[in-house]
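As a plain string of letters, each chain reads:
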Amino acid sequence: LPAYLDGCDMLDTLHGNLRKEARPPMYWKTPHASALREKNWKLIVSSSGLTELFNLANDPFEKHDLAKEEVTHVESLTKVLHAYAENDRNWALTD
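In this report, the structure presented in the accompanying data block is examined. (Residues numbered from 1 in each chain as written. Predicted model: local features only at pLDDT ≥ 70, side-chain atom pairs only at ≥ 80, totals over all residues. Heavy atoms only, no water.)

**A word on the overall build of the chain**
Rule in force here: Numbering goes from the N terminus for both helices and strands, where a helix is a DSSP run of H or I of at least four residues and a strand is a run of E of at least two. When a residue's accessible area, from a 1.4 Å probe over protein chains only, is under 20% of the maximum for its type it is buried; when over 50% it is exposed; and in between it is partly exposed. In this description, contact between two residues means that some pair of their heavy atoms is separated by no more than 4.5 Å. Accessibility throughout is a Shrake-Rupley quantity obtained with a 1.4 Å probe, and a residue counts as covered only by protein chains that appear here.
When helices and strands are tallied, the chain shows two helices and four strands. When the helices and strands of the chain are listed from N to C terminus, the series reads α-β-β-β-β-α. Here the chain holds 95 residues, and 22% of them are scored as buried. In the chain, the proportion of contacts linking residues at least 24 apart, taken out of those at least 6 apart, comes to 28%. Carbon and sulfur atoms provide 54% of the accessible area of the chain, an area that totals close to 7,400 Å².

**Side note on the environment of P31**
Structurally, P31 can be placed in the loop between β1 (26–29) and β2 (33–38). On a C-alpha basis, the gap between P31 and S47 in space is 8.0 Å, while along the polypeptide they are 16 residues apart.

**What to know about the sheet that holds β1**
Cut-off, in case you're wondering: The rule for pairing is simple: two strands pair if DSSP sees at least two bridges between them. Lines fitted to C-alpha atoms define the axes here, with helix axes fitted over just the stretch in contact, and angles between the N-to-C directions of these axes take values from 0 to 180 degrees.
The strand order across the open sheet built from four strands is β1-β2-β3-β4, with neighbouring strands paired in antiparallel fashion. The two strands at the open ends of the sheet, each matched to only one other strand, are β1 and β4 (51–55). Here the strands of the sheet are splayed against their neighbours by 10 degrees on average, with no regard to which way each runs. Strand direction decides the pairing type here: β1 and β2, joined by four bridges, are antiparallel. Looking at the pairing, W28 lines up with A35 of β2.

**Side note on the packing of aromatic side chains**
Worth spelling out the cut-off: Each Phe, Tyr or Trp ring, with Trp reduced to its six-membered ring, pairs with another whose centre is within 6.5 Å; inter-plane angles below 30 degrees give stacked pairs, above 60 give edge-to-face pairs, and intermediate values give tilted ones.
Scanning all chains against the criterion turns up one aromatic pair. Between Y27 and Y84 the ring centres are 4.3 Å apart and the planes differ by 25 degrees, which places this aromatic pair in the stacked class. Of this pair, Y27 sits in strand β1 while Y84 sits in helix α2 (residues 71–87), and the two are 57 residues apart along the sequence. The class of Y27 is partly exposed, set by a relative accessible area of 22%.

**A short note on the pairing of β4**
By the bridge criterion, five bridges tie strand β3 (residues 41–46) to β4 in an arrangement that is antiparallel. Bridge pairing links I44 to E52 in β4. Adjacent in sequence and paired antiparallel, β3 and β4 are bridged by four residues, among which G49 carries a positive phi angle near 100 degrees.

Here it is as C-alpha cells:
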C-alpha cells in the first residue's frame with residue numbers, strides 16, 4: 001500500500017478464515033454520515049444529527065436501532081469516532 005493509505009488485509013476474512021487477534025476499529029465517512037465499527041457494534045452519525053447504533057452479531061441487517069437503549073455504547077463509540085476524525089488530516093466529522 002502507498003504510505004498515505006492505512007488499512008488491514010481482509011482477504012482471509014473474505015475467504016471465511018476468521019482471525020483471533022484484535023483489530024482496530026474501522027471508520028469511514030460518506031457525504032451524509034460518519035460511521036464506526038468496533039467488534040460487533042456499528043455506530044452511524046448522520047450529517048442531520050441522527051445517531052444510530054446496531055449490534056451486528058444479533059442484527060446483521062441493521063433493522064433495530066439500539067441508540068436509545070445502549071447510551072453508554074453510543075457515548076464511548078462517539079468518542080472513538082471523534083478521536084479518529086481529529087487525528088486524520090484527510091477526514092473530519094463536519095464539512
